[in-house]
Amino acid sequence: MPAITLRPVRPAVPADDDALAEIDRSTWSTLHAVLPRPRPPYEPFFDERHRPEDVLVAEAAPEPGEPARIAGYVRLVPPTPLAANAHVRQIRGLAVAGWARGAGAGRTLLRAACAEARRQGANRITLRVLGHNTPARALYASEGFTVEGVLPGEFFLNGDYVDDVCMGRSLGPA
């Protein structure tokens with residue numbers, strides 16, 4: 001496990017765009033991505049559908065004495081614009097830089113997303129994860145998420161059909 005100290009999770013700001021885009025590019029894998037590998041010219045991380053206010057970031061210093069930098073992020077959004085499910089928030093992206101893996105950044109971000117969802121008035125949080133992403137599924141399960149549905153063979157990645165697993169958990173009363 002890396003010897004890094006995570007700072008408190010904070011909301012993203014527009015100036016985080018390049019660092020977050022780099023994390024996305026450097027962590028891309030068919031273990032979790034259904035879109036093709038990013039190729040230059042790269043799109044910005046933030047756009048009209050992916051706003052800084054929907055993203056929480058974790059920061060840490062990669063080595064003692066080095067300045068802190070973004071170690072990972074989680075994107076939290078309402079699943080739809082409908083009032084009927086305004087009590088739900090959905091995680092639509094969680095990534096941790098390679099240098100920060102194994103230090104608790106993913107778990108810290110997941111807990112921060114749950115706290116932020118509660119702060120926004122949600123009483124439920126959901127996510128989707130690829131069936132073969134065993135590390136992510138184990139993390140989510142350890143934080144109280146349960147499988148609520150499976151879309152068998154929903155994606156065709158690297159020559160294999162892969163399940164789309166829907167997970168969720170209660171956040172308690174809002």
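The preceding data block contains the structure.
Structure report, in brief. Please read all numbers here as calculations on a predicted model, not as lab measurements.

## Some details on the packing of helix H2 (residues 105-119) against helix H3 (residues 134-142)
Consideration 1: Put simply, H2 and H3 touch, their axes get as near as 11 Å, and they point 50° apart. Here H3 runs oblique to H2, going by the angle between their axes. Where H2 crosses over H3, the two elements pack in a sense that is right-handed. Facing H2, whose interface residues are Gly-106, Arg-107 and Leu-110, H3 presents Leu-139, Tyr-140 and Ser-142.
Consideration 2: Of the residues that constitute the contact of H2 with H3, the class distribution is 3 nonpolar, 2 polar and 1 charged.

## Let's talk about the pairing of strand E7 (residues 160-170)
Consecutive side chains of a regular strand alternate in pointing toward one face of the sheet and then the other.
Consideration 1: Bridge count between strand E5 (residues 124-130) and E7: 7 bridges; the pairing is antiparallel. The residue of E7 that forms the bridge with Arg-128 is Cys-166.
Consideration 2: Summarising the sheet, strand E6 (residues 146-157) and E7 pair through 8 bridges and their orientation is antiparallel. Looking across to E7, one finds that Val-150 is bridged to Val-165.
Consideration 3: Joining the antiparallel neighbours E6 and E7 is a turn of 2 residues, in which Asn-158 adopts a positive phi near 55°.

## Considering the sheet that holds E5
Consideration 1: The strand order across the open sheet built from 7 strands is E1-E2-E3-E4-E5-E7-E6, with neighbouring strands paired in mixed fashion. Only two strands of the sheet have a single partner each, and these edge strands are strand E1 (10-11) and E6.
Consideration 2: In the packing of H2 onto the sheet, contacts are made with strand E2 (55-60), strand E3 (69-77), strand E4 (88-96), E5 and E7, and the angle to E4 comes to roughly 160°.
Consideration 3: Against the sheet, H3 contacts E4, E5, E6 and E7, and its axis sits at roughly 160° relative to E5.

## Re H3
Consideration 1: Inspection of H3 places Ala-136, Leu-139 and Tyr-140 among the buried residues, and these make up the whole buried set. Buried residues in H3, looked at end-on, bunch into an arc of 95°, giving them a common side.
Consideration 2: Contacts from the buried residues of H3 go to E4, H2, E5 and E7.
Consideration 3: One side-chain oxygen at the N-terminal end of H3 lies 3.3 Å from the backbone nitrogen of Ala-136; it belongs to Asn-133.
Consideration 4: Positioned one or two residues after H3, Gly-144 has a phi angle of 95°, which is positive.

Analysis parameters
Residues numbered from 1 in each chain as written. Predicted model: local features only at pLDDT ≥ 70, side-chain atom pairs only at ≥ 80, totals over all residues. Heavy atoms only, no water. Axes fitted to C-alpha atoms, helices over the stretch in contact; angles between N-to-C directions. Helix = DSSP H or I, 4+ residues; strand = E, 2+ residues; numbered from the N terminus. Parallel < 35°, antiparallel > 145°, perpendicular 65-115°, else oblique. Left-handed = near helix turned anticlockwise from the far one by under 90°. Contact = heavy atoms within 4.5 Å. Nonpolar A, V, L, I, M, F, W, Y, C, P; charged D, E, K, R; others polar. Pairing = 2+ DSSP bridges. Buried < 20%, exposed > 50% of the residue type's maximum accessible area, 1.4 Å probe, protein only. Arc of directions from axis to C-beta. Polar contact = N/O pair within 3.5 Å; in protein donor to acceptor, adjacent residues only side chain to side chain.

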